[in-house]
Amino acid sequence: MSIVVVVGSQWGDEGKGKIVDLLTRHADCVVRFQGGNNAGHTLVVEGRTFIFHIIPSGILYQDKTCMIGNGVIIDPAVLLTEMDGLAAQGLAVHPKQLLISENAHLIMPYHPRLDQAREAALLSDGRIGTTGRGIGPCYMDKIGRSGIKAGDLLDFSLFKDKLAASLEEKNFLLTQKYGLPALDGGEITEQFAQYASRLAPFIGNVSLALDEARRQGKNILFEGAQGTQLDIDHGTYPYVTSSNTIAGNACNGAGIGPTHIDAVIGIVKAYTTRVGAGPFPTELTDAVGDALQAKGHEFGATTGRRRRCGWLDGVVLRDAVRLNGLTGLALTKLDVLSGQPLLKMATSYQLDGKTLAAMPCNIRQAEAARPNYESLPGWADELTGIHDLAALPAATQNYIKKIEDFTGVPVQIVSLGPDRAQTILLSNPFGK
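Residues numbered from 1 in each chain as written. Predicted model: local features only at pLDDT ≥ 70, side-chain atom pairs only at ≥ 80, totals over all residues. Heavy atoms only, no water.

Q: I'd like to hear about the pattern of salt bridges, residue by residue, with values.
A: Tallying each qualifying case throughout the model produces 18 salt bridges. With its nearest N and O atoms 2.6 Å apart, the salt bridge here joins D21 to R420. One end of the pair, D21, is in helix α1 (residues 16–24); the other, R420, is in the loop between β19 (411–415) and β20 (423–425), and 399 residues separate them in sequence. Residue R308 is joined to E283 by a salt bridge in which the shortest nitrogen-to-oxygen separation is 2.9 Å. Of this pair, R308 sits in strand β13 (residues 308–310) while E283 sits in the loop between β12 (272–274) and α9 (287–295), and the two are 25 residues apart along the sequence. A single salt-bridge network, built from bridges that share partners, covers D13, K269, E298, R307 and K333. (Salt bridge = Lys/Arg side-chain N within 4 Å of Asp/Glu carboxyl O. Helix = DSSP H or I, 4+ residues; strand = E, 2+ residues; numbered from the N terminus.)

Q: Hey, could you go over empty space enclosed by the protein for me, with residue numbers and the actual values?
A: All told, the structure shown has 1 cavity of 30 Å³ or more when counted by the stated rule. Lining the largest cavity are I74, L79, I100, L106, A150, L153, L199 and I203. Looking at the lining of the largest cavity residue by residue, the class counts come to 8 nonpolar, no polar and no charged. (1 Å grid on protein atoms, 1.4 Å probe; cavity = no way out; pocket = protein on both sides within 12 Å on 5 of 7 lines; lining within 4 Å. Points joined across faces, edges and corners; volume = space filled by probe spheres on them. Nonpolar A, V, L, I, M, F, W, Y, C, P; charged D, E, K, R; others polar.)

Q: Got a sec to walk through unusual backbone geometry? Specific residues and values, please.
A: Cis rather than trans, the peptide bond between Y237 and P238 has omega equal to 10°. With respect to the element layout, P238 can be found in the loop between β10 (220–223) and α8 (249–252). Despite not being glycine, R145 has its phi angle at roughly 65°, a positive value. Topologically, R145 is positioned in the loop between α4 (135–143) and α5 (156–177). Phi is positive for K333, close to 55°, though the residue is something other than glycine. Its place among the elements puts K333 in the loop between β15 (328–332) and β16 (342–351).

Q: Can you break down the environment of L292 residue by residue, with the values?
A: Mapping L292 onto the fold places it in helix α9. A relative accessible area of 1% places L292 in the buried class. Linking L292 and G185, residues 107 residues apart in sequence, is a C-alpha distance of 48 Å. The residues touching L292, leaving out its near neighbours within four places in the chain, are Y271, L284, E298, C309, G310, V336 and L337. (Buried < 20%, exposed > 50% of the residue type's maximum accessible area, 1.4 Å probe, protein only. Contact = heavy atoms within 4.5 Å.)

Q: Mind laying out the pairing of β10, listing which residues take part and the relevant values?
A: What you see with β10 is no split at all: I220 and F222 on one side and L221 and E223 on the other are buried throughout. Summarising the sheet, strand β1 (residues 3–8) and β10 pair through 4 bridges and their orientation is parallel. Its bridge partner being in β10, I3 is matched across the sheet by I220. Pairing geometry for strand β2 (residues 29–32) and β10, over 4 bridges, is parallel. Across the sheet, residue C29 finds its bridge partner in β10, namely I220. (Pairing = 2+ DSSP bridges.)

Q: Help me get a handle on the pairing of β1, residues and values and all.
A: Across the 6 residues of β1, 6 count as buried, placing the element largely inside the fold. Covered by surrounding structure in β1 are I3, V5 and V7 together with V4, V6 and G8, the residues of both alternating faces.

Q: Tell me about the packing of α5 against helix α6 (residues 185–199), and name the residues and values.
A: Relative orientation of the contacting elements α5 and α6 amounts to 145°, with a least axis distance of 11 Å. Along this stretch, α5 crosses α6, giving a crossing that reads as right-handed. Touching F156, F159, K160, L163 and L167 of α5 are G185, I188, T189, F192, A193 and A196, all from α6. Taken together, the residues of the contact of α5 with α6 break down into 8 nonpolar, 2 polar and 1 charged. (Axes fitted to C-alpha atoms, helices over the stretch in contact; angles between N-to-C directions. Left-handed = near helix turned anticlockwise from the far one by under 90°.)

Q: Tell me about the nonpolar core, residues and numbers included.
A: Within the largest apolar cluster, 56 residues are counted, with the highest numbers of intra-cluster contacts made by L79, M83, L86, I100 and M108. Looking at this core element by element, the count peaks at 5 residues for α6. Setting aside chain neighbours within four positions, we find L79 in contact with I54, I55, I68, I74, I100 and L199. Core analysis: the next-biggest nonpolar cluster, separate from the first, contains 53 residues, F33, W311, L376 and L383 among them. (Core = buried A, V, L, I, M, F, W, Y, C linked by side-chain atoms within 4.5 Å.)

Q: Let's hear about the sheet that holds strand β5 (residues 65–68): which residues, and what values?
A: For sheets, the rule is that strands pair by backbone hydrogen bonds, running either parallel or antiparallel. Reading across from one edge, β9-β7-β5-β2-β10-β1-β11-β15-β19-β20 is the order of the 10 strands in this open sheet, with mixed pairing throughout. Two strands in the sheet have a free side with no partner beyond their single neighbour: β9 (203–204) and β20. Pairing of β2 with β5, which is carried by 4 bridges, proceeds in the parallel orientation. Across the sheet, the residue bridging to V30 is C66, located in β5. Together, β15 and β19 form the strand contacts of helix α12 (residues 394–407), whose direction differs from that of β15 by roughly 145°.

Now the structure itself:
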């Protein structure tokens, strides 16, 4: 039995969905533990592309149990749309396959409206770059003890009471502060009654189910969303998401003790990308950055926004090693670097005459920091057809070794293309 956590080590979009899908074949349970439909995990299986925003990536395996933990916030409409999309492709989701925590909070119709209104009210240089999905306002209600949980759908009189109390405040904000029309409580109640009828069979106690699975000796895989530098506490605040993205939140966000975690795998893209505003020391605004963006098809799976691209930031990566306690790395999109004659990796930052080994917590310092690079030779060969580490060009192997030496963490998985089959599994964190 092994319990493994997979997290993003950069600013998200590292390719977690593919790696989770790969590791799911060795797991019995796959668990989402934070975030909402602001995350997007893209899988390519036998030429078919799947994008999931709420459902764990392991859902493509019919014999696995997927769980959505209490740390996730759920937009019922998005969840049901994903379930319907799978059903249309002959992959109907059944209650034995998917369990939703009764303690997971729900995104209500007023949350996206408030999210978008607040972002629009900010000056352009002060905007966070939110996806506008209502993630932040939903987490605010959760922390403010006024949120509505998935379990409330099972007691609809409680749901209606909580909705009425919340809607009074939210309509005041919408109308009086932002000049927007009020929302109709009756329409929301009717809408969520339909959601309740469909989702009720899937709602239960995820913590108990996980404990039972652990006691039975099953392998459990925790699937994080976003990336370490988007963590609400440890990321480039305020340009972060509204939840804790680091591995420690797997315990809080699903209801399992920290002593049960066996391994933590950090997904790292072979270069660095970021969507939206915020510091990005290694960003490339030249032809190299454009080439990485084009070859890597760097558009957000959730927003469709073009991702900013830059050289691999070793400072960010070592921060991820420290914050998550990484035991292994999964290196993705190595194939995108083919054709670059010279590669660079940031090993520290320069700021006001000082050398920094970590991302500054002061946002102005983070924006002003400049990378100190080490250069490595690139390679011309295309890598997508290679299935053995020894067959990789010497320069590619040296690049991998540089990452391992700099971080002190072994690379256990190497991804050389978007498809499930385009992966080299060097060491299985489940020990198989």
